[in-house]
Amino acid sequence: GESVGLHLPTLSVQEGDNSIINCAYSNSASDYFIWYKQESGKGPQFIIDIRSNMDKRQGQRVTVLLNKTVKHLSLQIAATQPGDSAVYFCAEGGAADYKLSFGAGTTVTVRA
Amino acid sequence: DTAVSQTPKYLVTQMGNDKSIKCEQNLGHDTMYWYKQDSKKFLKIMFSYNNKELIINETVPNRFSPKSPDKAHLNLHINSLELGDSAVYFCASSYYTGTSGTTDTQYFGPGTRLTVL
């Protein structure tokens, strides 16, 4: 089936800087996208989602951008904190397919 | 309060044994899932149940058998465990929007780390 991939497996960020995590998806029929955060030893935790009728959505310190033209998704984290260190996954889903397809994940490390 | 819970958190067993992992959700969701996460952190869907009916069954060996006694529980039974079954298994749940809707947010449990020796 289609898969979602992330551009970079690792990202090192200075505390206080903004982080941008990128994701490319290949299924043009996908209409729902989610970002999850997975801390060591824990399950994936929902961060933010966006549907295909939007191109931007903001949460607390996070923004998701969706560019359907180039099938690109990004997660921006403002003022990155040590607690943001984790593996971040993007996932996609669609009306014809009730499952989520996950990318390989980006490991974010925040430097003090 | 734990929304999606799994037991046990760790499971170490010998090759050839049969084991079960249990999952419960108290979110009122009608759909539950099992995922397998390998050593490279890749998450792959295995099964999904909606109101106790199987709706997703990916290419998984038939040694894996999910069982849903009610919509709040989805257990995973594994027969004749093999070394390659070692992984972290996650349960998740969501609302099911059906063919007229789209996928909904899935909430994950803490995971069960299975080690087959």
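Predicted model only: the values in this text are computed from it and were never measured.

Calculation notes
Residues numbered from 1 in each chain as written. Chains lettered and ligands numbered in written order. Predicted model: local features only at pLDDT ≥ 70, side-chain atom pairs only at ≥ 80, totals over all residues. Heavy atoms only, no water. Buried < 20%, exposed > 50% of the residue type's maximum accessible area, 1.4 Å probe, protein only. Helix = DSSP H or I, 4+ residues; strand = E, 2+ residues; numbered from the N terminus. Pairing = 2+ DSSP bridges. Axes fitted to C-alpha atoms, helices over the stretch in contact; angles between N-to-C directions. Disulfide = S-S within 2.5 Å. Contact = heavy atoms within 4.5 Å. Buried area = accessible area lost by both parts, 1.4 Å probe. Salt bridge = Lys/Arg side-chain N within 4 Å of Asp/Glu carboxyl O. Polar contact = N/O pair within 3.5 Å; in protein donor to acceptor, adjacent residues only side chain to side chain. Nonpolar A, V, L, I, M, F, W, Y, C, P; charged D, E, K, R; others polar.

> Let's hear about the pairing of strand β9 (residues 87–94) of chain B: which residues, and what values?
A regular strand places its side chains on the two faces of the sheet in alternate fashion. All names here are of chain B. Taking burial as the measure, the eight residues of β9 include eight buried ones, the bulk of the element. Covered by surrounding structure in β9 are Ala87, Tyr89, Cys91 and Ser93 together with Val88, Phe90, Ala92 and Ser94, the residues of both alternating faces. Across seven bridges, strand β4 (residues 31–37) lies against β9 in antiparallel orientation. From the neighbouring strand, Tyr35 faces β9, where its bridge partner is Phe90. Relative to strand β11 (residues 112–116), β9 runs antiparallel, the two being bridged by three bridges. Within β11, the residue paired with Val88 across the bridge is Arg113. One ladder, built from two bridges, connects β9 with strand β10 (residues 107–108); its direction is antiparallel. The residue bridging Ala92 from the neighbouring strand is Phe108, located in β10.

> Which residues make up the sheet that holds strand β7 (residues 64–70) of chain B, and what are the values?
All names here are of chain B. Strand order in the open sheet formed by four strands is β1-β3-β8-β7, and the pairing between neighbours is antiparallel. The sheet is open, and its two borders are formed by β1 (4–7) and β7, each paired with just one other strand. The mean angle between the axes of side-by-side strands here comes to 20°, regardless of whether they run parallel or antiparallel. By the bridge criterion, five bridges tie β7 to strand β8 (residues 73–78) in an arrangement that is antiparallel. In the strand pairing of β8, Phe64 is matched with Ile78.

> Give a detailed account of the state of the cysteines, specifying residues and quantitative values.
Taken as a whole and judged by the stated rule, the model has two disulfides over all chains. With its sulfur 1.8 Å from that of its partner, A:Cys23 forms a disulfide with A:Cys90. Judged by the torsion about the S-S bond (55°), the A:Cys23/A:Cys90 disulfide is right-handed. Separated by 67 residues along the polypeptide, A:Cys23 in strand β3 (residues 19–25) and A:Cys90 in strand β9 (residues 86–94) bring together distant segments of the chain. When sorted by exposure, A:Cys23 lands in the same class as A:Cys90, which is buried. Each sulfur in the disulfide pair B:Cys23 and B:Cys91 lies 1.9 Å from the other. What sets the handedness of the B:Cys23 and B:Cys91 disulfide is the S-S torsion sign, and at about -80° it is left-handed.

> Run through the interface of chain A and chain B, naming residues and quoting values.
Facing the 23 residues of chain A at the interface are 25 residues of chain B. In this assembly, chain A packs against chain B so that about 1900 Å² is buried in total across both faces, 56% of it on carbon and sulfur atoms. For the interface between chain A and chain B, the tally reads zero salt bridges. Along the contact surface separating chain A from chain B lie five residue pairs in polar contact (both at pLDDT 80 or more). Among the elements of the structure, β4 (32–38), β5 (45–51), β9 and β10 (97–102) of chain A are those that each provide at least two residues to the side of chain A that touches chain B. In terms of residue count, β10(A) provides more of the side of chain A that touches chain B than any other element does, five residues in total. Taken together, the residues of the side of chain A that touches chain B break down into eleven nonpolar, six polar and six charged.

> Which residues make up the pairing of strand β8 (residues 72–77) of chain A, and what values do they have?
Residue and element names in this part refer to chain A. Where β3 meets β8, six bridges bridge the pair, whose relative direction is antiparallel. The partner of Ser19 across the bridge, within β8, is Ile77. The antiparallel hairpin formed by strand β7 (residues 62–67) and β8 contains four residues in its connecting segment, where Lys71 sits at a positive phi of about 55°.

> Break down the environment of B:Asp18 for me, with residues and values.
Along the chain, B:Asp18 falls in the loop between β2 (10–13) and β3 (19–25). Not counting the four nearest positions on each side in its chain, B:Asp18 is found in contact with B:His77, B:Ile78, B:Asn79 and B:Ser80.

These figures come from the coordinates and say nothing about function on their own.
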